[in-house]
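Chain by chain, the residues run as shown.
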Amino acid sequence: MIFAGFGRRFQLKIKNRESAGNILAQTLKAVIKKEDRKDTVILGLPRGGLLIAEIIASRLSCRLDIIISKRLRAPHNDEVAIGSVTEDGTTYLNELIVDELKISQDYIKNELSHQLAEIKRLNHEYIPEKTFHDRICTICESRTIVIVDDGAATGSTIISTVRCLRKNTNHHRLIVAIPVSPKGTVDLLRNEDIDHLEVITSPQDSNFGSIEQYYQNFDQVTDKQVLDIIQRSIRK
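Computed from a predicted structure; not experimentally measured. (Residues numbered from 1 in each chain as written. Predicted model: local features only at pLDDT ≥ 70, side-chain atom pairs only at ≥ 80, totals over all residues. Heavy atoms only, no water.)

**Observations regarding the overall build of the chain**
Step number 1: Of regular secondary structure, the chain possesses 8 helices and 8 strands.
Step number 2: Its C-alpha atoms give the chain a radius of gyration of 17 Å, within 12% of the compact-globule value 18 Å for 236 residues.
Step number 3: Taken along the three principal axes of its C-alpha coordinates, the chain extends 50 × 50 × 35 Å.
Step number 4: Each of the 236 residues in the chain was classed as buried or not, and the buried ones make up 49%.
Step number 5: For the chain, restricting intrachain contacts to residue pairs at least 6 apart in sequence, the fraction spanning at least 24 positions comes to 68%.
Step number 6: Here the chain has roughly 11,500 Å² of accessible surface; of this, 47% comes from carbon and sulfur atoms.
Step number 7: Measuring between centres, the 33 positive side-chain charges of the chain sit 5 Å from its 32 negative side-chain charges. (Helix = DSSP H or I, 4+ residues; strand = E, 2+ residues; numbered from the N terminus. Rg over C-alpha atoms; globule rule 2.2 N^0.38 Å. Buried < 20%, exposed > 50% of the residue type's maximum accessible area, 1.4 Å probe, protein only. Contact = heavy atoms within 4.5 Å. Areas by Shrake-Rupley, 256 points an atom, 1.4 Å probe, with all protein chains shown as cover. Lys, Arg positive; Asp, Glu negative; His and termini not counted. Charge placed at Lys NZ, Arg CZ, Asp CG, Glu CD.)

Laid out in structure tokens, this is it:
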């Protein structure tokens with residue numbers, strides 16, 4: 001983990017997503033050998049993760065693609081994630097939060113249905129000409145996969161993505177690369193049987209408030225930016 005010891009003395013702030021991508025690309029050079037990069041796929045989680053993934057893919061000369069995972073929201077509080085779901089329906093639920101908030105199975109079923117419909121809409125908007133099988137199952141076969149997001153607060157979207165890829169691909173290695181994640185979430189991700197986890201900064205849970213807190217600039221990423229990346233780097 002990069003800058004692991006500094007968090008106790010001061011709060012590291014990454015300049016922006018571009019800077020995060022450049023840092024992760026540099027550190028991943030030691031993880032993915034040059035001769036293996038032609039058989040490596042960088043998968044960006046939109047929206048912000050795709051910006052970082054494009055930089056990593058460009059710097060390492062790897063293939064870039066996109067995979068969608070959506071948070072399952074708590075009742076009456078969209079900011080609290082109770083789990084997540086991916087394109088193929090792979091679902092992760094944080095049972096501790098579900099039990100603590102006494103969330104009904106009917107609510108979970110309805111939220112799953114809503115988020116799967118949103119994933120379908122995004123797929124149609126982003127890459128309508130390719131199915132999940134064409135994009136993910138085929139291109140990731142026997143390859144090293146790097147899952148990239150712009151941060152992991154609870155880790156829910158990454159966990160469902162990891163489980164989705166383990167279920168649907170016969171990959172060589174599975175790597176997660178994120179700029180920031182609290183220590184408790186890092187421990188949770190390590191339990192998901194990934195081959196390597198690359199994190200720029202991992203603050204103590206007690207110091208962590210949000211992903212945005214660890215960026216100097218964390219502007220909202222638009223669908224147009226995502227479509228621009230797809231056009232120049234995925235559809236090329």
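**Observations regarding unusual backbone geometry**
Step number 1: With omega at 10°, the peptide bond leading from P46 into R47 counts as cis.
Step number 2: Within the secondary structure layout, R47 lies in the loop between strand 1 (40–44) and helix 2 (48–60).
Step number 3: Its identity is not glycine, yet S142 carries a phi of approximately 60°, on the positive side.
Step number 4: Tracing the backbone through its elements, the reader meets S142 in the loop between helix 5 (132–138) and strand 6 (144–148).
Step number 5: With a phi angle near 60°, D193 is a residue other than glycine that sits in the positive phi range.

**Let's talk about the side chain of T161**
Step number 1: Topologically, T161 is positioned in helix 6 (residues 156–168).
Step number 2: Judged by its relative accessible area of 0%, T161 is buried.
Step number 3: The residues touching T161, leaving out its near neighbours within four places in the chain, are L45, I67, S69, T86 and I147.

**What about the environment of G49?**
Step number 1: Residue placement: G49 occurs in helix 2.
Step number 2: Setting aside residues no more than four positions away along its own chain, G49 makes contact with G44, V148, D149 and D150.

**What to know about the packing of aromatic side chains**
Step number 1: If you walk through the whole model with that rule in mind, you get 2 aromatic pairs.
Step number 2: When the centroid spacing of 5.9 Å and the interplanar angle of 5° are considered together, the rings of F208 and Y214 count as stacked. The pair formed by F208 and Y214 is uniform in burial state, with each residue classed as buried.
Step number 3: Stacked on the ring of F218, the Lys or Arg R17 has its end atom at 4.2 Å from the ring centre. (Phe/Tyr/Trp six-rings, centres within 6.5 Å; stacked < 30°, edge-to-face > 60°. Lys NZ or Arg CZ within 6 Å of the ring centre and 35° of its normal.)

**Section: the sheet that holds strand 5 (residues 91–93)**
Step number 1: Strand order in this open sheet of 3 strands is 3-4-5, and the pairing throughout is antiparallel. The sheet is open, and its two borders are formed by strand 3 (69–74) and strand 5, each paired with just one other strand. Direction aside, the axes of adjacent strands within the sheet are offset by 40° on average.
Step number 2: Two elements, strand 3 and strand 4 (residues 77–86), share 6 bridges in a ladder whose sense is antiparallel. Bridge pairing in strand 4 links S69 to T86.
Step number 3: Of the strands in this sheet, strand 3, strand 4 and strand 5 touch helix 4 (residues 105–126), which is tilted by about 150° from strand 3.
Step number 4: Running at roughly 5° to strand 4, helix 6 makes contact with strand 3, strand 4 and strand 5 of the sheet. (Pairing = 2+ DSSP bridges. Axes fitted to C-alpha atoms, helices over the stretch in contact; angles between N-to-C directions.)

**As for the sheet that holds strand 8 (residues 196–201)**
Step number 1: Taken in spatial order, the 5 strands line up as 2-1-6-7-8 in an open sheet, and their pairing is parallel. Looking at the sheet topology across the chains shown, the edges are occupied by strand 2 (63–66) and strand 8. On average, adjacent strands in this sheet sit at an angle of 20° to one another, irrespective of strand direction.
Step number 2: With 4 bridges joining them, strand 1 and strand 2 adopt parallel strand pairing.

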